[in-house]
Amino acid sequence: MSAPADNGVGTGVRAPKRARIAERTLRTDRWWLQPLLTVLGLSAFIIYATVRSFVRTAYWVPDYHYLTPFYSPCLSTSCVEGSSHFGHWFGDLPGWIPLGFVVLPFLLGFRLTCYYYRKAYYRAVWFSPPACAVAEPHAKYTGETRLPLIIQNVHRYFFYVALIVSLINTYDAITAFHGKTGGFGFGLGNIILLGNVVLLWAYTLSCHSCRHVTGGRLKHFSKHPVRYWIWTKVSKLNTRHMALAWTTLGTLVLTDFYVMLVASGAISDLRFVN
Ligand code: FES
């Protein structure tokens, strides 16, 4: 690995009091592997989600009421019949607007500003820094104190919207217990939808903002036993936040892919009841 371009004295590793080390890093292990896998994983998800959000096909299974999370809530008259669980708030939408456009920007914002994803893409995409003990290529480091990165501080508001979206996805998953001829029904799709929702809740509730909402700014935990109890549970979940961040990307794709296969007729849903 070559040394970073010497742009003179700056901040970070080029700060006046830092040792002048020519090598960009003295690490000899495969420190680049994790950033590489991160960028590949995130890119794969973004490409898949973008394509699926725009195609407008195979997102609803009328027989079993399976709706992919990428199109939920579907609030336009462009949505196929039955898929608008919360009514039609909008008329027909042009093809360049995804049918799930109401929540997609918030979900994107929630993930983009997530503390874990920040760490991941700061390292993998912006190399700021790429890894521990590996100098970043940037001459200056301003952290998240200026535009555009200061916007990261709105994460807590995305968290509130994510709670609402999780409720909507929960409603979709419950509605999907629908039989082909009406009444109660249960198939493999229900297990996938339900598993996805449970993990989405786990990811959302393990958010650092949730920790702050439940237990932040308390001077005496003993005076707030309920909030303290909730905070301890959220904190435990929080230790798994990175794993949940990745797992939920996987379950979102799996859920959408399964709904797409069943909706398009490529496979039949494995039914246990009706
Ligand atoms: Fe990751 Fe809030 S910190 S979702």
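Calculation notes
- Residues numbered from 1 in each chain as written.
- Predicted model: local features only at pLDDT ≥ 70, side-chain atom pairs only at ≥ 80, totals over all residues.
- Heavy atoms only, no water.
- UniProt positions renumbered as here; feature names shortened; annotations may be inferred.
- Helix = DSSP H or I, 4+ residues; strand = E, 2+ residues; numbered from the N terminus.
- Salt bridge = Lys/Arg side-chain N within 4 Å of Asp/Glu carboxyl O.
- Buried < 20%, exposed > 50% of the residue type's maximum accessible area, 1.4 Å probe, protein only.

With that settled, consider the UniProt feature "transmembrane region" (unreviewed entry) in the chain. Mapped onto the present numbering, the UniProt feature "transmembrane region" (unreviewed entry) falls on residues 31-51, 96-117, 157-177, 183-203 and 243-267. For residues 96-117, helix accounts for 55% and strand for 0%, while the C-alpha atoms at its two ends are 27 Å apart. Between the end C-alpha atoms of residues 243-267 there is a gap of 30 Å, over a span that is 88% helix and 0% strand.

Tallied over the full model, the rule gives five salt bridges. Its salt-bridge partner being Asp-29, residue Arg-27 comes within 2.7 Å of it at the nearest N-O pair. For Arg-27, a relative accessible area of 30% puts it in the partly exposed group. A relative accessible area of 40% means that Asp-29 is categorised as partly exposed. Between Arg-52 and Asp-256 there is a salt bridge; the shortest N-O distance is 2.6 Å. Taken together, the positions of Arg-52 in helix α1 (residues 33-55) and Asp-256 in helix α8 (residues 241-264) put the pair 204 residues apart, joining distant regions of the chain. Assessed through its relative accessible area of 4%, Arg-52 is described here as buried.

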